[in-house]
Amino acid sequence: QVQVVESGGGLVQAGDSLRLSCTASGRAFTRYAMGWFRQAPGKEREFVAAIRWNDGAAYYGDLTEGRFTISGDGAKNTVDLQMDNLKPEDTAVYLCAVEKYGPVIITTLYDYWGQGTQVTVSS
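Quick caveat: nothing in here was measured; it's all calculated off a predicted structure.

A. Main features of the overall build of the chain. When its secondary structure is counted, the chain shows zero helices and eleven strands. For the chain, the N- to C-terminal ordering of α and β elements is β-β-β-β-β-β-β-β-β-β-β. Scaling as 2.2 N^0.38, a compact globule of 123 residues should have a C-alpha radius of gyration of about 14 Å, and the chain matches this with 13 Å. Projecting the C-alpha coordinates of the chain onto the three principal axes gives extents of approximately 45 × 25 × 25 Å. For the chain, the residues scored as buried account for 44% of the 123 residues in total. A fraction of 57% describes how many contacts in the chain between residues 6 or more apart in sequence connect residues 24 or more apart. Only carbon and sulfur atoms are counted for the fraction: they give 48% of the accessible area of the chain, which is about 6,300 Å². Counting 11 positive and 14 negative side-chain charges, the chain places the centres of these two groups 6 Å from one another.

Here it is as structure tokens:
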């Protein structure tokens, strides 16, 4: 089985920064992309950012507003999400996921998901 584990969430003030980390582990598995999603209570899960491993291309949802940066190491199956200038509306559970084959990047239909890490931004 493939395990996906996130870390780095917490409680911050508006304007602060957080860096989330994610590691996927298990037996050798195909991975086309890894990405970050978020879900707030009562809202649909949203695409935040993803990185495609074959070329390192990064993709961002409009919700990031240029404030987030994704990075990672395909050899280690890790991705980080640097979040700057956080806003209260960024409050959500942030989930990391693995897409096995693609080709679609901006989708919630990834194959392996972590439990999520809570990000709370107070005003």
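So much for the structure itself; the text now carries on.
B. Spotlight on the environment of W36. Within the secondary structure, W36 is located in strand β4 (residues 33-39). Using a relative accessible area of 0% as the deciding quantity, one classes W36 as buried. On a C-alpha basis, the gap between W36 and G74 in space is 15 Å, while along the polypeptide they are 38 residues apart.

About the criteria used
- Residues numbered from 1 in each chain as written.
- Predicted model: local features only at pLDDT ≥ 70, side-chain atom pairs only at ≥ 80, totals over all residues.
- Heavy atoms only, no water.
- Helix = DSSP H or I, 4+ residues; strand = E, 2+ residues; numbered from the N terminus.
- Rg over C-alpha atoms; globule rule 2.2 N^0.38 Å.
- Buried < 20%, exposed > 50% of the residue type's maximum accessible area, 1.4 Å probe, protein only.
- Contact = heavy atoms within 4.5 Å.
- Areas by Shrake-Rupley, 256 points an atom, 1.4 Å probe, with all protein chains shown as cover.
- Lys, Arg positive; Asp, Glu negative; His and termini not counted.
- Charge placed at Lys NZ, Arg CZ, Asp CG, Glu CD.

Keep in mind that these numbers describe shape and distance, not what the molecule does.
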